Structure formats: C-alpha cells, structure tokens
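Descriptive structure summary
Each chain, written out:
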Amino acid sequence: MKKQVLAAAIVFLLVGAAAYGAFFVAPTERTMGPIQRIFYLHVSSAWTGLCAFFVCFIANILYVFRRQPQWDWLSISAAEVGLVFTTVVLVSGPIWAHPVWGIWWTWDARLTSTFILWLLYMCFLLLRTLVEEPDRRALFSALFGIFAFLDVPLVFGSIRWWRTQHPQPVVMGGSGSGLDPTMWKVLFFSWFAMLALMALLMRARYAMEAARGELEMVRHEAEAV
C-alpha cells in the first residue's frame, strides 16, 4: 500500500511539473500565441494513448497463442487506459483548433482516423459485455483487438501520407519541421509524465481485472460442481 501511495505521489509530481513546464518554461509560439500551450497535453496524450493500444495489441496476440488469462486482463486494462488518453486528445484538439482554424472539427484524415480508433476500442469494450463465457469472451475480444490496432498505423501516418488540415508532424517530419529546443524538452518531459500516469493507471486497472477474473473463475467452478 505504501509503495502504491508513493508511486501515485511521484506521478502526481511529474504531471504537475509537466504542466508547469508547459505554462511557464516553454516559450510562447509566435503565430498561435498562448493557446499553443495545449500542444504539450494534446500531443503527449496522443502518443501515450497509442502506446497503451500497442500494449493491448501485444497482450491480445499473446492471449491468442497462449490462452492465459493474465494477457486478457492486461489487454482490457490497456484498452481502457488508452481510451482515456484518446478521449483527452479528442477533447483538447477542438479546444486548440477553434481559435486557430476558426472551426471545432473537420473530417480530415488525422481527425477522422483518430475518432474511428476511439470508436473501435469502445466497441472492443462493448463486445466484452455481450459474451458471458470467460474464455470465449477473451478470445473474441483479443481477435477484435488485433483488428482494431490496424487503425493505429493509419492514425500515425495520416499526416505523412495525405495533406490534411491537421498540422504536419514536428517529430520525424519533413524538411523545415521541428521545435524550439526548449519546446522539445518540455514535450518529451510531458510525454514521460503521461507514460508514468499510464503505467500507474494500467497497474491499478490490471489489479482490479485480475481480482474480478479470479472471482469469476471460482464462481464458474462452483457452478460446474
């Protein structure tokens, strides 16, 4: 318990330091002004959400080949945490876009593929409520999760493959792309803080799912007697 409290306190300090860096350390962007500071939350949340979905994808593959319940528990934990971060992206994006573009939303490749990704993982969670038998539920959701992950490379590559309303990438972008060195440092520190938050949330959610899964297995064994 003490370790969990200490881990939560460290993550809280990291997130607070990242917020301080975004508001008071990073320089103000010349064309967009202060509204650009939401960039550090928006981008770091997007990268973290994709990382969580990658963990879910690996867990799904491992479940299909090994059929061990811990991989199912990890996949559901990662999917839920990934959805939280992707929701932050979908909310913070329009808040940033409206003052800059003059519109809240446009159906370009990046925004549309991200919204589809959010819908796919919502369906992943809903699918689990439709199948009562634990092994079948885990297998069906693992197969669907593998399919859902196909949208992740599309989200990542959309602004590289097509001309979109969304800004072009500042990481691994073309010539002329990039950030001020201080902006780089704040961005990667923000991402590190979000990854730490992801790990904390995923660990807590995994513990809950493991307890629920073990209780469910005991219940099914008792019903079979």
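Below, the structure is looked at part by part. (Residues numbered from 1 in each chain as written. Predicted model: local features only at pLDDT ≥ 70, side-chain atom pairs only at ≥ 80, totals over all residues. Heavy atoms only, no water.)

Below, the discussion takes up the overall build of the protein. Scanning the protein from terminus to terminus reveals 7 helices and 0 strands. Going from N to C terminus, the protein has its helices and strands arranged as α-α-α-α-α-α-α. Referenced to the eigenvectors of the C-alpha coordinate spread, the extents of the protein come out at roughly 70 × 45 × 25 Å. A buried classification covers 41% of the 225 residues belonging to the protein. When contacts within the protein are restricted to residue pairs at least 6 apart in sequence, those whose partners lie at least 24 apart make up 75%. (Helix = DSSP H or I, 4+ residues; strand = E, 2+ residues; numbered from the N terminus. Buried < 20%, exposed > 50% of the residue type's maximum accessible area, 1.4 Å probe, protein only. Contact = heavy atoms within 4.5 Å.)

Here we take up the environment of F39. By secondary structure assignment, the location of F39 is in helix α2 (residues 39-66). Note: C-alpha distance between F39 and L187 (148 residues apart in sequence) is 8.3 Å.

Spanning 15 residues, helix α5 (residues 134-148) covers 20 Å between terminal C-alpha atoms, matching the ideal 21 Å at 1.5 Å per step. Among the residues making up α5, those that are buried are P134, R137, A138, L139, S141, A142, G145 and A148. (Expected span 1.5 Å × (residues − 1).)

Our next topic: the packing of aromatic side chains. This structure, assessed with the given rule, holds 18 aromatic pairs. Aromatic pair Y121 and F124: ring centres 6.1 Å apart, planes at 50°, arrangement tilted. Residue Y121 and its partner F124 are both found in helix α4 (residues 109-130); the two are separated by 3 residues, about one turn of the helix. Relative accessible area serves as the criterion here: at 0%, Y121 is assigned to the buried category. (Phe/Tyr/Trp six-rings, centres within 6.5 Å; stacked < 30°, edge-to-face > 60°.)

So, about the nonpolar core. Ranked by size, the top nonpolar core spans 25 residues in total, and within it L117, Y121, F124 and M202 carry the most contacts. Of all the secondary-structure elements, those providing two or more residues to this core are α2, α3 (69-101), α4, α6 (151-161) and α7 (181-224). Looking at which element gives the most residues to this core, the answer is α3, with 7 residues. Apart from the residues lying within four places of it in its own chain, the contact partners of M202 are A52, V55, L74, S77, A78 and V81. By size, the runner-up hydrophobic cluster in this structure holds 11 residues, among which are A22, A26, I38 and M183. (Core = buried A, V, L, I, M, F, W, Y, C linked by side-chain atoms within 4.5 Å.)

Further remarks concern the pattern of salt bridges. All chains considered together, the criterion is met by 5 salt bridges. Between D72 and R128 there is a salt bridge whose closest N-O contact spans 2.8 Å. In this pair, D72 sits in helix α3 while R128 sits in helix α4, placing the two residues 56 residues apart along the sequence. Accessibility classification places D72 together with R128 in one group, the buried group. The salt bridge partner of R205 is E209, with a shortest N-O separation of 3.0 Å. Of the two residues, R205 and E209 are both situated in helix α7; the distance of 4 residues between them amounts to about one turn of the helix. Neither R205 nor E209 differs from the other in exposure class; each is buried. Because the salt bridges share partners, they merge into one network encompassing D72, E80, R128, R205, E209 and R212. (Salt bridge = Lys/Arg side-chain N within 4 Å of Asp/Glu carboxyl O.)

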